[in-house]
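Notes for the structure review
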Amino acid sequence: MSQAQVSIIMGSQSDWTAMEDALAPLETLGIAYETRVVSAHRTPDRLYRFCQEAHLRGIRVIIAGAGGSAHLAGMVAAITHLPVVAVPVSSRDLKGMDSLMSMVQMPRGVAVACQGIGNAFNAGLMAAQMLALSDPELTRRLIDWRHSQSQAVVEEVRG
Ligand SMILES: Nc1c(C(=O)O)ncn1[C@@H]1O[C@H](COP(=O)(O)O)[C@@H](O)[C@H]1O
């Protein structure tokens, strides 16, 4: 198994069913990843350690998914210089609007790339696009994948 370039972290094990969609684009494009539970609220020491060590372990992009009062992505972006792609996970009471608002309204100077509610697939794709900037082989695979996606969209409307 090669060294993980993408770390997919989530606030709770309960986020896994939403976050596992991030794996598909990474696996399709041949990008090594790891998955971990890290919570700003419940495991602050683990969060600090993870953020301080991630770049030293070869991680280049972090995908952070959390629901409700979702501070995880913002806190990760506050501690590490690595790019952070945020996934607001849908919550029981407010259907993910709380997660979205928590993640998207970052203060100027600390950026996260926030995706749509529950759209972990696009988070994986965004991470791949970031890595492709410095990897011509990955760029070629990404372009091929986009092409086959376009090809799969039928033009004729079936009534
Ligand atoms: N938003 C956060 C953070 C955080 O932002 O640090 N840590 C856990 N959580 C969220 O709490 C929700 C409920 O978690 P449980 O199901 O474990 O009670 C999850 O969606 C998780 O992401």
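Residues numbered from 1 in each chain as written. Predicted model: local features only at pLDDT ≥ 70, side-chain atom pairs only at ≥ 80, totals over all residues.

As annotated in an unreviewed UniProt entry, the protein chain carries the name N5-carboxyaminoimidazole ribonucleotide mutase and comes from Ferrimonas sediminicola. Comment text from UniProt for the protein chain, heading Catalytic activity (unreviewed entry), reads "5-carboxyamino-1-(5-phospho-D-ribosyl)imidazole + H(+) = 5-amino-1-(5-phospho-D-ribosyl)imidazole-4-carboxylate". Regarding the protein chain, the relevant UniProt record gives this comment under Pathway (unreviewed entry): "Purine metabolism; IMP biosynthesis via de novo pathway; 5-amino-1-(5-phospho-D-ribosyl)imidazole-4-carboxylate from 5-amino-1-(5-phospho-D-ribosyl)imidazole (N5-CAIR route): step 2/2." (UniProt positions renumbered as here; feature names shortened; annotations may be inferred.)

**Some thoughts on the UniProt feature "binding site: substrate" (unreviewed entry) in the protein chain**
Following the UniProt record, one finds the feature "binding site: substrate" (unreviewed entry) at S12, D15 and R42. Taken together, the annotated residues stretch across 31 residues yet fold into one region, lying no more than 14.4 Å apart by C-alpha. Considering the arrangement of structural elements, one finds D15 in the loop between β1 (6–10) and α1 (16–19). Discounting chain neighbours no more than four positions away, the residues touching D15 are M10, G65, A66, G67 and V89. (Helix = DSSP H or I, 4+ residues; strand = E, 2+ residues; numbered from the N terminus. Contact = placed C-beta atoms within 7 Å.)

**A closer look at the site of the ligand**
By nearness alone, 17 residues border the ligand, and G11, S12, S14, A40 and G67 come closest of all. When the residues that make up the shell around the ligand are grouped by side-chain class, the tally is six nonpolar, nine polar and two charged. (Near = placed C-beta within 6 Å. Nonpolar A, V, L, I, M, F, W, Y, C, P; charged D, E, K, R; others polar.)

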